[in-house]
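A look at the structure
The residues making up each chain are set out below.
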Amino acid sequence: LLIILFIISSLIFLGAGCVSIQVGGGTAVDGGVYKSIDRGNGWVQKVLMPTTTGKPKSFGGVDVLTLVFDPQDNKALYLGSKANGLFFTYDGGESWNVSPTLSRGAIPAVAVDPKEKCTIYSAYENKVVKSVDCARTWQIMYFETRLEKLITALAVDPNNHSVVYAGTSAGDVVKSGDGGISWVAVVRTRNYIRDILIAKYDSKIVYAATEGNGIWKTSDAGKNWSELAQYFKEYPASLEYGKLVFDETADESLVLASRYGLLKTSDGGKIWTPIKLLTQPSSVKIYGLAVNPKNGNEIYYSTATTLYKTVNGGMNWITHKLPSSRIGRVFLIDPRDADVVYMGMWRAQ
């Protein structure tokens, strides 16, 4: 029965249909991606898709679930949408394409091989799929047999590109040591996995962030895991996850966005310190978060209507109204040029 279901699912996947997109400039639809070249002060929507007719299309109606850089190329970005498949750009957002065989459905996670730039992993329904030709064609590498469970998070080891982690909506994390050919379950958190982060300075250290059951951590590449929830007891609502990102300027430094607000750790998750915000703790929901990879005191985050930015670790904040009626769900700061910031938009549910 499982083999039959696998074959049927594969056929459905390979027959993915077309994305519904606008024709024209797309200025009337305020989704997709916005780009700033002045550290978030001004934003321009970047959603155009060239066509053979010369009349560009737009994916300005798309809701963004994830947005990632190619680790080798700061002009190459991959975008996972809520319902319209996977998009990519190789010129910093000036022009986009949709993957021809992954052009519909939700793409909650994408991970790019740190050594082979045309090797990409994507979450698609209950599957991990892999492309080795820059998103043109895809092969199923992992198949969750519980068809109602989804693949929700992905990460590739930055120091060993054969190692891949995937998280599921059931709370499981699975690991491959051979580029996705074979897999083993490494932890069961019992809660939806939102993000998986692998430390560049020591890739045996991996964090699995759950929807509402806190953060799990391994320091031995998945053999043993510990829950970090015990370290958040003094911060009410901190287990309601928003986003977890590395402060890449210091080993063991991370920033967590949760319903409580922003918390920072400098010891890998044992001691967390609140970052002072303009709003009271637990009073707003934080959606997007980014830390400048070259300056850990420069932080961006967004609420439903507002973009917040600090350049001094939270001592002072600058606020801007979001350039869209949608929410800034994803932020990316260019690792080579911190003036450049990307924001993926998403409609509140």
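Anything mentioned here points back to the structure above.
**Topic: the nonpolar core**
Y207, I215, F232, L244, L256, L263 and W272 are the most contacted members of the largest nonpolar core, which totals 17 residues. Those elements giving two or more residues to this core turn out to be β19 (206-210), β22 (241-246) and β23 (254-258). For this core, the leading source of residues is β22, giving 3 residues.

**Side note on the sheet that holds strand β8 (residues 86-89)**
Here we have 4 strands laid out as an open sheet, ordered β6-β7-β8-β9, and antiparallel in their pairing. Each having just a single partner strand, β6 (64-70) and β9 (97-98) make up the two edges of the open sheet. One ladder, built from 4 bridges, connects strand β7 (residues 73-81) with β8; its direction is antiparallel. What sits directly across from Y78, in β8, is F88.

**Let's talk about the environment of M345**
Looking at the element boundaries, M345 is found in strand β31 (residues 341-346). What makes M345 buried here is its relative accessible area of 0%. Counting along the chain gives 18 residues from M345 to I327, while the straight-line C-alpha distance between them is 5.4 Å.

**Focus on the state of the cysteines**
Taken as a whole and judged by the stated rule, the model has 1 disulfide. The disulfide bridge from C118 ends at C134, spanning 1.7 Å between sulfur atoms. Taking the sign of the S-S torsion, -60° for the link of C118 and C134, the bridge is left-handed. Here the residue C118 occupies a position in the loop between β10 (110-112) and β11 (120-124), and C134 occupies one in the loop between β12 (127-131) and β13 (139-143), the gap between them amounting to 16 residues. The exposure class of C134 is buried, given its relative accessible area of 10%.

**A look at unusual backbone geometry**
Even without being a glycine, A135 presents a positive backbone phi close to 75°. For A135, a relative accessible area of 0% puts it in the buried group. Even without a glycine there, the phi angle at A221 is positive, about 60°. Note on placement: A221 falls in the loop between β20 (215-218) and β21 (226-227).

**Regarding the side chain of T306**
Of note, T306 is situated in strand β28 (residues 306-310). A residue is classified by how much of its surface remains accessible, and T306, at 17% relative accessible area, is buried. Once you skip the residues sitting within four places of it in the chain, T306 turns out to touch Y301, T319, H320 and L322.

**Topic: the pattern of salt bridges**
Applying the stated rule across the entire model yields 16 salt bridges. Between E298 and R39 there is a salt bridge whose closest N-O contact spans 3.2 Å. Of this pair, E298 sits in strand β27 (residues 295-302) while R39 sits in the loop between β2 (33-36) and β3 (44-45), placing them 259 residues apart in sequence. Accessibility expressed as a relative area gives 3% for E298, which makes it buried. For the salt bridge of R188 with D172, the shortest nitrogen-to-oxygen distance reads 3.1 Å.

**Considerations on the environment of K223**
Inspection of the secondary structure puts K223 in the loop between β20 and β21. Classification of K223 as exposed rests on a relative accessible area of 70%. It is 24 Å that separates the C-alpha atoms of K223 and L256, two residues lying 33 residues apart in sequence.

What counts, and where the lines are drawn
- Residues numbered from 1 in each chain as written.
- Predicted model: local features only at pLDDT ≥ 70, side-chain atom pairs only at ≥ 80, totals over all residues.
- Heavy atoms only, no water.
- Core = buried A, V, L, I, M, F, W, Y, C linked by side-chain atoms within 4.5 Å.
- Buried < 20%, exposed > 50% of the residue type's maximum accessible area, 1.4 Å probe, protein only.
- Helix = DSSP H or I, 4+ residues; strand = E, 2+ residues; numbered from the N terminus.
- Pairing = 2+ DSSP bridges.
- Disulfide = S-S within 2.5 Å.
- Contact = heavy atoms within 4.5 Å.
- Salt bridge = Lys/Arg side-chain N within 4 Å of Asp/Glu carboxyl O.

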